[in-house]
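Close look at the chain arrangement
Chain by chain, the residues run as shown.
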Amino acid sequence: MPANIQDVANQAHVSVSTVSRSFTRPDLVSAATRNKVLTIAEKLNFSISRSAAALKSGRTLRVALLISGSMRLWFTASIMQGLNQVLHPAGYDLSIFQISSSQERAEFFNMLPTRRNADAVIVCSFDVNKEEVDSLKATGVPVLGINCLNPLDCNFDATINIDDDQGARLMARHLIGLGHKNIAYIRTNRDISLHFSVLQRYHSFIDECKINGITPTEIAAPEGADRISSIVSSLLSNANVPTAIACQEDAIAIPLMFQLSRSGYSTPGDVSIIGFDDSFYARETGLTTIRQDPVEMAESAAKITLSLINGDYLSENCKYITIPAQLIVRSSTSQIENS
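Residues numbered from 1 in each chain as written. Predicted model: local features only at pLDDT ≥ 70, side-chain atom pairs only at ≥ 80, totals over all residues. Heavy atoms only, no water.

A look at the overall build of the protein chain
When helices and strands are tallied, the protein chain shows 13 helices and 12 strands. For the protein chain, the proportion of its 339 residues judged to be buried stands at 49%. Within the protein chain, counting contacts between residues at least 6 apart in sequence, those at least 24 apart form 71% of the total. Total accessible area on the protein chain stands at roughly 15900 Å², and carbon and sulfur atoms take up 50% of it. (Helix = DSSP H or I, 4+ residues; strand = E, 2+ residues; numbered from the N terminus. Buried < 20%, exposed > 50% of the residue type's maximum accessible area, 1.4 Å probe, protein only. Contact = heavy atoms within 4.5 Å. Areas by Shrake-Rupley, 256 points an atom, 1.4 Å probe, with all protein chains shown as cover.)

So, in C-alpha cells, the structure goes:
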C-alpha cells in the first residue's frame, strides 16, 4: 500500500501540516525539519501532487528562464545548473524559452502576462525594455536579470551581473602592459535585433585600447562549425599578424589556440591569447582569462527569486548585485619581445 502524508508525518514526528508546508511553502519550515521530512518522504516514495500544491498556493510552481543561445553553451548550461540546484528542492520547475530575435522576445512578453504561467521570470544575458518588464510586474510576477544590459533602466526587481566593463578593461590593460600594440579583438556576430551583455565587453575593450593610443583589429566570428577556421583566415590574411588576441569568450580562445598551433603559430611565443569566462579546460590549456562563476551567480539569483515570490523584504544591496571581474593570468600571454 502506498505511503500517505500521515505516514511521513508519523516517521518524522511532525504534524501533517508541517509535511505539507515542507513541499508547498518551504520558506515557512526550518531547514532541518524540511530536510528530515523530505528524506523520509523520499524513503517512503511519497510526494504531494504538484497540481494540488499549485492550486492551494495559487502559484504555478514554475519559473520562466529566457536565454539567448544554445543550452549546450558553457555559460547557459551553468546558469541552468545553478538555478535548478536551488529551485528544484524548493518545489519549482524551470521553463526554458530560447529567444533568438526581437519578435520572439515580444511574443513571449505579450503571452506571459495573459496566461500567467510562471511565478517569476529570469532574463539571462540579453536586453529587454522597461515596457516589457512593467507588463509582467503589473501581474505581480517578479522579473530578474542575470548579466543583462542596463538593468536599472529596465526596472528589474533584482539583478546579478558580472562587471563586464571592468573585465574587458582588465583584458586590455593586461595585454598593453605586456607591451602589445598590435592587438585583435574577436567577438561573435549574433542576431542584430537583440543586444547581448557581451557587447559591453567589446565596447569597453575597444575604448580602453583607444585611451592608450591603440586601435585594435576587430573580427566578428560567424556562427557555425567553421567559425574558428574563419577567424584564423582573417587573422593570417593581415600582412602584420597581431601579437595579441583578446576573445569575447573562452569558447573562442581555446580552439583558436589549437588552430593557430596547427598553422605554425605558438602561444604565447608568436601570439598571446586571452579569454573571458574561466570555463571548461581554461586551466588545463593554460589560458589567461577573466573569471566568472555562472553557477554561483545563478544560485544567488534563484534565492533572490524565491524571496521575491514569497514577498520577503530585501534591501537594495541584496537585490542589485555586481560581481567584480578577476583576471586569471596563466601561460597563454607573455611579454612581447623587444617591447
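Following the structure, the description resumes.
A short note on the pairing of strand E6 (residues 183–188)
Counting buried positions along E6 yields 5 of 6 residues, so the element is predominantly enclosed. In terms of strand pairing, E6 meets strand E7 (residues 217–221) through 5 bridges, oriented parallel. In the sheet register, Arg187 faces E7, and the bridge partner there is Ala220. (Pairing = 2+ DSSP bridges.)

A word on the packing of helix H1 (residues 5–12) against helix H2 (residues 16–24)
Two elements in contact, H1 and H2, have axes separated by 8 Å at closest approach and are oriented at 105 degrees. It follows that H1 is roughly perpendicular to H2 by the angle criterion. Contacts between H1 and H2 pair Ile5, Gln6, Val8 and Ala9 from the former with Val16, Val19 and Ser20 from the latter. (Axes fitted to C-alpha atoms, helices over the stretch in contact; angles between N-to-C directions. Parallel < 35°, antiparallel > 145°, perpendicular 65-115°, else oblique.)

With respect to the nonpolar core
Leu83, Tyr92 and Ile146 are the most contacted members of the largest nonpolar core, which totals 29 residues. The set of elements that each furnish at least two residues to this core consists of strand E1 (62–67), helix H5 (74–87), strand E3 (120–124), strand E4 (143–146), strand E5 (158–162) and helix H12 (294–309). Looking at this core, the element that brings in the most residues is H12, giving 8 residues. The contact partners of Ile146, leaving out residues within four places of it in the chain, are Ile79, Ile122, Val123, Cys124, Ser125, Ile160, Asn161, Met297, Ala298 and Ala301. (Core = buried A, V, L, I, M, F, W, Y, C linked by side-chain atoms within 4.5 Å.)

A few points about the sheet that holds E5
The 6 strands lie next to each other as E2-E1-E3-E4-E5-E11, forming an open sheet whose pairing is parallel. Across the chains shown, the open sheet's two edge strands, defined by having one partner strand only, are strand E2 (93–98) and strand E11 (320–323). Neighbour to neighbour, the strand axes of the sheet diverge by 15 degrees on average, direction disregarded. Note: E3 against E4, 4 bridges, orientation parallel. From the neighbouring strand, Ile122 faces E4, where its bridge partner is Leu144. Contacting E1, E2, E3 and E4, H5 crosses the sheet at an angle of about 155 degrees to E2.

Function cannot be inferred from these measures alone, as they are strictly geometric.
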